Amino acid sequence: MNVCAITMVYRDYFALTQWVRHYSSQLGIENLYIVAHGHDPKVNEIAAGANIWTVPRDNLEKFDRRRNWMLNKFQSGLLRFYDWVIRTDADELICVDPQMHGNIGQLLESQHDDAVFSMGLNLFEAPDDSEIDRDTSVFDQRDAAVISGHYSKAWAVKEPIPLVRHGVAIATDGKPTHSYAFPKGVYLVHLKFSSMQELSEVNETRTALGRTDLPGMPGLAWQRAGTHAKKFFETAESLKVQPWSKAVSNAYDIITSDMKFSDNDGVIRSPGIHHIARTTLPEWFKTVDGSDQ
């Protein structure tokens, strides 16, 4: 089994540090592919040993559309050399329950479908958490999480099919061409809210980019990044903490029973529910970045 992971990044050094640590521990640094949006020596420093591709940042018009098109093409090209390609944002870490699947490679080796989904978790900084240490695994520092249908994304493919709008294209002209799996015990951990200090810095860039007048830019979540973050924390703190097993079991039923399919482009995706339940990560998450898995 040959598995690689690809992401794209611009100045989100905390997330990239976590991404490189997480996936290199399971796939090997030589199987990581990072698209740097503009030349950045810091990216080369953080991801030393990985494969780094630099693309220009001088024209941001239709940014989202061009980025997604490019990453889907890169992803398809890598499948000429790999059995599976993992693709996530730089602040997204795929974690699998070791008692259910072993590790990411073992999980993918057991899959017969063409694409795989995961349950989304927004990891966040609780009031009594210390300031984040960028060079230490986030799972040693944070355990408060909100289960999110919006971030229950498609994250790996073994066929050259596009990842689109957090989902995957499985049909053409209304006719199914590919299959997907949504296995239990697989989680996409979104790090955006795991450090308020890091979030503040990243939001400055997102707000500036979201408020440009160029067509095809990210939407309101970037234009009003600070307001969006405040709303998330207020909602997260208002939720009652549920036990892990109960929370994920109920959320799995909610998400998988309401998958959304688009006849227009054949994309299947999870329902865009932002706050399904608040819970606490189990101890096994602390092992996913190390040699225990």
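Placed above this text is the structure.
On a predicted model such as this, the values are computed, not experimentally measured, just so you know.

A. Molecular detail of the overall build of the protein. On a plain count of helices and strands, the protein comes out with 9 helices and 19 strands. A globule of 293 residues ought to have a C-alpha radius of gyration of about 19 Å, and the protein, at 18 Å, matches this closely. Counting only C-alpha atoms, the protein reaches 45 × 40 × 40 Å along its principal axes. Classification of the 293 residues of the protein by burial places 52% in the buried group. The long-range share in the protein, meaning contacts at least 24 apart out of those at least 6 apart in sequence, stands at 75%. Accessible surface computed for the protein: about 13,600 Å², of which carbon and sulfur atoms make up 47%. Looking at the protein, you have 30 positive and 38 negative side-chain charges, and the mean spots of the two groups are 7 Å apart.

B. Focus on the environment of H274. Assignment of secondary structure puts H274 in the loop between β18 (267-269) and β19 (277-280). On the basis of relative accessible area, H274 is assigned to the partly exposed category, the value being 37%.

C. Fine view of the pairing of strand β15 (residues 186-193). Across the 8 residues that make up β15, a large majority, 8, are buried. Sheet topology places strand β5 (residues 92-96) next to β15; 5 bridges connect them, and they run antiparallel. Bridge assignment links E92 to a residue of β15, and that residue is H190. Across 5 bridges, strand β7 (residues 119-124) lies against β15 in parallel orientation. The residue of β15 that forms the bridge with L121 is V189.

D. Representation of the sheet that holds strand β11 (residues 167-169) in the model. If you trace the 4 strands from one edge of the open sheet to the other, you get β10-β11-β18-β17, paired in antiparallel fashion. Edge positions in the sheet fall to β10 (163-164) and β17 (260-261), since each has one partner strand and no second.

E. Representation of helix α3 (residues 63-78). Over its 16 residues, α3 runs 22 Å from end to end, which matches the ideal 22 Å to within 8%, given 1.5 Å per residue. Of all the positions in α3, only F63, M70, L71, N72, Q75 and L78 are classed as buried.

F. Spotlight on helix α9 (residues 244-256). Along its 13 residues, α9 runs 18 Å from first to last C-alpha, staying within 8% of the 18 Å computed at 1.5 Å per residue. Of all the residues in α9, the buried ones are W244, A247, V248, A251, Y252 and I255. Taken around the axis of α9, the buried residues stretch over an arc of 125°, which confines them to a single face. Contact partners of the buried residues in α9: β7, β8 (144-148), β15, β16 (241-242) and β19.

G. Representation of the nonpolar core in the model. Judged by nonpolar contacts, the single largest core of 79 residues is most densely connected at Y23, I86, F139, W155, V168 and F285. Ranked by the residues each element gives to this core, the list is headed by helix α1 (residues 13-27), at 8 residues. The residues touching I86, leaving out its near neighbours within four places in the chain, are V3, C4, A5, I6, Y23, L27, I104, L108, W155 and A156. Of all hydrophobic cores here, the second largest spans 10 residues; its members include A126, F193, L199 and F233.

So, how was this worked out
Residues numbered from 1 in each chain as written. Predicted model: local features only at pLDDT ≥ 70, side-chain atom pairs only at ≥ 80, totals over all residues. Heavy atoms only, no water. Helix = DSSP H or I, 4+ residues; strand = E, 2+ residues; numbered from the N terminus. Rg over C-alpha atoms; globule rule 2.2 N^0.38 Å. Buried < 20%, exposed > 50% of the residue type's maximum accessible area, 1.4 Å probe, protein only. Contact = heavy atoms within 4.5 Å. Areas by Shrake-Rupley, 256 points an atom, 1.4 Å probe, with all protein chains shown as cover. Lys, Arg positive; Asp, Glu negative; His and termini not counted. Charge placed at Lys NZ, Arg CZ, Asp CG, Glu CD. Pairing = 2+ DSSP bridges. Expected span 1.5 Å × (residues − 1). Arc of directions from axis to C-beta. Core = buried A, V, L, I, M, F, W, Y, C linked by side-chain atoms within 4.5 Å.

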